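Chains, contacts and geometry: an overview
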Amino acid sequence: MIKNYFKIAWRNLWKNKGFSFINIAGLATGMCGAILIFTWIQNELSFDQFHKNADDLYKVWNRSDKDAGNNVYTWDVTAAPIAPELKQKFPEVKATARVYWPNDRLFNYKEKSIIGTGLDVDPQFLSMFSFPMVNGNTHALDDPKGIVLTVSLAKRIFGSEDPTDKVLRINDNENYKVTGVVTDPPTNTQFQFDYLVSLAPMIGTSESNNWANASFNTYVQLQPGANAELFDKKMKGIVQQHDSTLHSSIFLHPAKKWHLNSRFENGIAVGGAIETVRILAVIAALILLIACINFMNLSTAQSEKRGKEVGVRKVIGANRFAIIKQFLTESILITVIAAVFAIVLVQLTLPAFHELAGVKLLINYKNPYLWLAGIGFVLFTGLLAGSYPAFYLSSFRPVKVLKGLFKSKGQVISPRKVLVVTQFTVAIVLIISTIIIYQQINYVQNRDNGYVRNNLVEHPINGAIGKNFDVIKNELLSSGAAVAVSKTSLPVTIDGSSTSGLNWGDMDANHKNVSFSRFATYGDFVKTFGFKLLAGRDIDFNKFPSDSSAVIINEASLQAMGFKDPIGQTIVLGNNRLTIVGVIKNFIIGSPSQEVKPMVVFGSKNWYYNSITFRFNSNIPVSSNLKTAEAIFKKYNPAYPFQYHFVDQAYAEKFKTEQRTGKIAFTFSALTILISCLGLFGLAAYMAENRAKEIGIRKVLGAGIVNLIQLLTRDFVILVLISVLIAAPIGWWFMSKWLQDFNYRIQISWTIFLYSGLVAVLIAIVTVSFQAGKAAMANPIKSIKTE
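Sequence order as written defines the numbering, with residues in each chain counted from 1. For this predicted model, a pLDDT threshold of at least 70 governs which residues receive local features, and a threshold of 80 or more governs which side-chain atom pairs are given and counted, while totals over whole chains, interfaces and linings are taken from all residues. Heavy atoms from the whole structure form the basis of all side-chain values; hydrogens and water molecules are not counted.

1. Details of the overall build of the protein
Put simply, the rule reads: To qualify as a helix, a DSSP run of H or I must reach at least 4 residues; to qualify as a strand, a run of E must reach at least 2; elements of each kind are numbered from the N terminus. The contact criterion used is simple: two residues touch if any of their non-hydrogen atoms lie within 4.5 Å. Here the open area of atoms and residues is found with the Shrake-Rupley method and a 1.4 Å probe, where only the protein chains shown may cover a residue.
What the protein contains, in helices and strands, is 24 helices and 27 strands. The long-range share in the protein, meaning contacts at least 24 apart out of those at least 6 apart in sequence, stands at 79%. Per element, the accessible surface of the protein, about 36600 Å² overall, is 57% carbon and sulfur.

Rendered as structure tokens:
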């Protein structure tokens with residue numbers, strides 16, 4: 001019986017090649033889109049879940065007390081002594097590991113000089129996290145001068161040589177021994193590195209006892225079965241026990257939420273990557289749903305042709321269940337064929353999707369669970385797509401079918417119309433969403449960032465740059481390549497340091513816990529970056545040798561401190577009395593979509609500086625300036641390559657997530673429209689075929705081609721207009737919720753819905769008009785005769 005079902009199904013597919021092609025193409029395209037999105041989602045959900053201790057791993061975060069505005073700030077860097085304190089004082093803690101932010105280091109071996117980016121970590125890092133060792137063991141970093149390389153970096157440095165126990169010259173001033181080799185980190189982890197070295201040499205006695213300097217990521221592995229919530233309460237006041245001037249507490253953030261729930265508001269995790277995952281999961285489901293609607297529409301559209309077949313089957317004894325099985329078999333056959341083409345499409349489009357999603361995805365076809373999921377996916381899709389046609393066609397009454405009376409004519413609301421409206425409602429919602437996403441991105445990109453990005457270049461301070469900074473600065477200026485040069489603690493696009501515990505004159509108790517972004521400069525800070533100076537002056541050690549106790553604050557700090565005349569006011573941090581010498585306009589250092597935090601810029605000659613920034617002379621070509629700058633840096637730092645990057649490019653990276661979401665939304669909105677148009681094209685073709693005699697008679701009676709096209713397209717346009725009316729409030733609600741995540745956001749304009757509706761109507765008219773025009777221009781005598 002099953003064999004017979006498949007025979008009949010194949011015969012019907014071959015008999016109706018055009019409709020079969022549209023069905024298969026629509027389903028294959030929809031399945032391809034869904035597979036790509038679900039593959040990406042699976043990668044997102046698996047972030048840092050491959051560690052064998054994932055259930056017991058936590059990251060330590062800081063949470064401030066409420067400030068005067070009832071705001072609570074959170075940050076994921078902690079002081080150095082927190083990790084050993086937790087390990088020593090709490091039996092619930094099995095292990096701790098601190099991680100310093102990524103560092104570039106120069107590796108010299110024989111004639112090779114290679115730059116690698118890696119992490120300074122505690123030795124326990126290798127046992128807490130599951131990065132498989134190729135050589136060595138998890139004690140490889142017990143030696144403070146040991147280094148663990150990834151397979152790829154080891155190959156770049158040593159080629160085919162065994163790297164074990166080889167000595168590397170690092171940063172042209174230290175020797176490290178290779179004590180281990182690990183596999184390259186997968187893409188689905190926050191830990192991306194070329195090498196690992198021990199954190200011990202970085203942390204001196206003063207730093208190991210400094211509870212105020214939050215500079216490290218701290219990770220905790222709890223004992224199996226330990227209650228994280230109870231432990232959170234136990235360790236809450238540990239910071240104040242050691243430094244009563246600090247107004248923050250620490251808490252644990254579990255590994256399963258590091259990637260998906262990394263955005264906090266008022267001390268509570270409210271979202272992150274999980275929002276994009278949800279949006280794309282909905283898009284994937286909608287794409288598949290629209291592809292299934294296509295199948296349902298085209299199958300029910302052919303009901304007149306299949307009606308007599310159903311009637312005859314019932315007359316000779318077939319029951320409804322047998323007919324349902326027949327049509328579901330056809331549906332599953334089409335879905336299987338579509339799935340084969342979908343896999344081919346996935347392989348063809350995967351490289352482009354890698355580019356679109358910003359991550360390289362791998363589909364492991366050897367995984368049996370993948371095939372089980374694939375079979376289930378095909379069966380689900382086949383049953384979903386074929387369920388309505390099967391139940392609809394099997395419900396025909398034999399007497400009416402054989403008399404030709406089964407068709408319902410002139411129905412105001414029919415299942416097919418409902419499906420078309422549903423299909424285009426989804427497509428229009430996606431069009432609205434795409435427009436709003438791009439408008440929001442443009443709105444934030446065009447926001448005043450507070451400094452002049454053009455011709456601004458940053459270079460890491462490495463090798464001999466630190467001790468030669470003054471001569472490098474002088475030669476950059478005297479050569480004419482640069483018009484201003486500054487040295488800063490961090491690049492201006494990174495909000496990587498914060499402090500609290502500042503005190504000032506009339507400060508009330510509510511401001512004791514305000515967290516300030518912290519920057520340090522060697523001078524010419526305002527001049528180099530082009531900040532707008534609202535009051536006072538820049539930090540300048542040449543003119544003002546006492547500027548080691550000077551600070552510049554931003555507008556947000558001025559508002560928090562409440563000074564009417566801030567210049568000359570004194571603020572206190574620990575034992576240091578600092579004088580405000582300047583106030584600058586707020587500039588964006590963190591997310592451009594969020595409010596700017598209060599900031600203090602310290603003048604210092606002895607800070608640990610990481611970045612040198614210079615502004616190129618705009619009257620000289622950039623290429624010439626780069627050559628001059630490279631020659632100067634190579635002159636005073638010959639062991640290192642010239643590692644410059646433009647600040648405007650680094651700033652553009654802040655929009656990467658939103659831009660990627662916009663591109664994905666646009667791509668799959670276009671895919672949704674394409675699938676909808678395939679279905680509309682098929683329906684229009686079937687409609688033109690069914691009304692061929694009517695069209696012929698109208699032409700004989702004098703109807704023009706334009707009149708006939710209007711006649712044939714009118715019903716579809718009405719359905720699309722209904723879809724616009726339904727989609728507009730849905731799209732508004734959905735995107736209003738999305739925009740709530742941004743402090744700086746657009747106001748949704750009614751013109752967005754107008755343009756989206758016009759685009760949808762235009763697409764429908766173009767799609768249907770092709771078939772309508774073809775039918776209208778056919779020879780009427782031939783169509784009447786063949787009828």
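Moving on from the coordinates now.
2. Remarks on the packing of helix α15 (residues 469-478) against helix α18 (residues 622-636)
The cut-off we apply is this: Axis angles are defined between N-to-C directions and span 0 to 180 degrees, where every axis is a line fitted to C-alpha atoms and, for a helix, only to the segment in contact. By definition in this entry, angles of less than 35 degrees are roughly parallel, angles greater than 145 are roughly antiparallel, angles of 65 to 115 are roughly perpendicular, and the rest are oblique. A crossing counts as left-handed when the near helix is turned anticlockwise from the far one by less than a right angle, and as right-handed when that turn is clockwise. All residues other than Ala, Val, Leu, Ile, Met, Phe, Trp, Tyr, Cys, Pro, Asp, Glu, Lys and Arg, Gly among them, are scored as polar; the first ten of these are nonpolar and the last four charged.
Running from N to C, α15 and α18 point in directions that differ by 155°, and their axes come no closer than 10 Å. If you check the angle between α15 and α18, you find them roughly antiparallel. With respect to the hand of their crossing, α15 and α18 are arranged in right-handed fashion. Contacts between α15 and α18 involve Val471, Ile472, Glu475 and Leu476 from the former and Ala629, Ile632, Phe633, Lys635 and Tyr636 from the latter. Within the contact of α15 with α18, the residues separate by chemical class into seven nonpolar, no polar and two charged.

3. Some remarks on the side chain of serine 557
Our working rule: Only protein chains enter the accessibility calculation, which uses a 1.4 Å probe; a residue whose area is less than 20% of its type maximum is buried, one above 50% is exposed, and one in between is partly exposed.
Position of serine 557 relative to the elements: it lies in helix α17 (residues 555-561). Taking the relative accessible area as the measure of exposure, serine 557 reaches 0% and is therefore buried.

4. Quick look at helix α3 (residues 82-89)
Selection criterion: The directions from the helix axis to the C-beta atoms are what the arc is built from.
Residues of α3 that are buried: Ile82, Ala83, Glu85 and Leu86. For α3, the buried positions fall inside an angular range of 165° around the axis, keeping them on one side.

5. Considerations on the nonpolar core
Worth spelling out the cut-off: Put simply, a nonpolar core is a bunch of buried Ala, Val, Leu, Ile, Met, Phe, Trp, Tyr and Cys residues held in one set by side-chain atoms that sit within 4.5 Å of each other.
Counting 74 residues, the largest nonpolar core has Met31, Ile37, Trp40, Ile283, Phe353 and Phe668 as the members making the most contacts within it. Counting only elements with at least two residues in this core, the list comes to α2 (17-45), α9 (273-301), α11 (320-357), α12 (368-393), α14 (415-445), α20 (656-690), α22 (705-739) and α23 (750-776). Broken down by element, this core gets its largest block of residues, twelve residues, from α9. Excluding residues that lie within four positions of it along the chain, isoleucine 283 makes contacts with Ile37, Leu430 and Phe668. Formed by 23 residues, the second largest nonpolar core is a distinct cluster that contains Phe529, Ala550, Val581 and Phe587.

6. Looking at the pattern of salt bridges
For side chains of opposite charge, pairing can occur when their charged atoms come near one another. This is how it is decided: Any Lys or Arg side-chain nitrogen found within 4 Å of a carboxyl oxygen on Asp or Glu counts as a salt bridge.
A complete count under the given rule lists twelve salt bridges for this structure. Lysine 59 is the salt-bridge partner of aspartate 76, the closest N and O atoms lying 2.9 Å from each other. Of this pair, aspartate 76 sits in the loop between β2 (74-75) and β3 (78-79) while lysine 59 sits in strand β1 (residues 57-64), placing them 17 residues apart in sequence. In this structure, arginine 537 engages aspartate 547 in a salt bridge whose closest nitrogen and oxygen atoms are separated by 2.9 Å. With arginine 537 in the loop between β21 (533-536) and β22 (550-554) and aspartate 547 in the loop between β21 and β22, this residue pair connects regions lying ten residues apart in the sequence. Residue aspartate 547 is classed as buried on the basis of its relative accessible area of 1%. In the salt-bridge network here, residues are joined through shared partners; they are Lys110, Glu161 and Lys166.

7. Side note on the packing of aromatic side chains
What counts, and what does not: A pair of aromatic rings is counted whenever rings of Phe, Tyr or Trp (Trp by its six-membered ring) have centres within 6.5 Å, and the orientation is called stacked for planes under 30 degrees apart, edge-to-face for over 60 and tilted otherwise.
All chains considered together, the criterion is met by 38 aromatic pairs. On the basis of an interplanar angle of 85° and a centroid distance of 5.2 Å, the ring pair of phenylalanine 125 and phenylalanine 191 is categorised as edge-to-face. Within this pair, whereas phenylalanine 125 is found in helix α4 (residues 125-128), its partner phenylalanine 191 is found in the loop between β10 (174-182) and β11 (195-198), the two being separated by 66 residues in sequence. When its relative accessible area of 3% is taken as the criterion, phenylalanine 191 is described as buried. Both rings, one in tyrosine 451 and one in phenylalanine 587, keep their centres 6.0 Å apart while their planes meet at 85°; by these two values the pair is edge-to-face. Residue tyrosine 451 is found in the loop between α14 and β16 (456-460), and its partner phenylalanine 587 is found in the loop between β24 (576-584) and β25 (599-603); the two are separated by 136 residues along the sequence. Residue classification places tyrosine 451 among the buried residues on the basis of a relative accessible area of 5%.

8. Digging into unusual backbone geometry
A positive phi angle, close to 55°, is found at asparagine 171, a residue other than glycine. Structurally, the position occupied by asparagine 171 is in the loop between β9 (167-170) and β10.

9. Some remarks on a nonpolar patch on the surface
Which entries qualify depends on this criterion: Patches draw on residues past 30% relative accessible area with no salt bridge. Two like charges within 9 Å are joined, as are two nonpolar side chains (Val, Leu, Ile, Met, Phe, Trp, Tyr) within 5 Å.
A contiguous nonpolar patch, built from Ile718, Ile722, Ile726 and Ile730 and spanning about 310 Å² of accessible area, is present on the exposed surface. Within the element layout of this structure, isoleucine 722 appears in helix α22.

10. Some words on helix α7 (residues 228-235)
This is how it is decided: Here a polar contact means two N or O atoms within 3.5 Å. Within protein one must be a hydrogen donor candidate and the other an acceptor candidate, and residues neighboring in sequence count only if both atoms are side-chain atoms.
Along α7, the residues classified as buried are Ala228, Phe231 and Met235. Down the axis, α7 shows its buried residues gathered within 60° of arc, on one side only. Projecting away from the buried face of α7 at angles above 90 degrees are the exposed residues Glu229 and Lys233. Along its buried surface, α7 packs onto β1, α3, β4 (93-99), β12 (214-222), α8 (238-242) and β13 (248-254). Two or three places before glutamate 229, at the start of α7, stands the capping residue asparagine 227, its side-chain oxygen 3.0 Å from that residue's backbone nitrogen.

11. Section: the environment of leucine 721
Residue position: leucine 721 is located in helix α22. On a C-alpha basis, the gap between leucine 721 and glycine 757 in space is 7.3 Å, while along the polypeptide they are 36 residues apart.

12. A word on the side chain of lysine 473
Within the secondary structure layout, lysine 473 lies in helix α15. A residue is classified by how much of its surface remains accessible, and lysine 473, at 13% relative accessible area, is buried. Apart from residues no more than four positions distant in its own chain, lysine 473 is found in contact with Val485 and Asp524.

13. Notes on the pairing of β12
Rule in force here: Any two strands between which DSSP finds at least two bridges are classified as paired.
Among the nine residues that make up β12, nine are buried, leaving the element largely enclosed by the rest of the structure. In the sheet, β3 pairs with β12 via two bridges, with the strands oriented antiparallel. Of the residues in β12, the one forming a bridge with threonine 78 is phenylalanine 216. Bridge analysis of β4 against β12 gives six bridges, and the strand direction is antiparallel. Opposite threonine 96, over in β12, you have valine 220 as the bridge partner.

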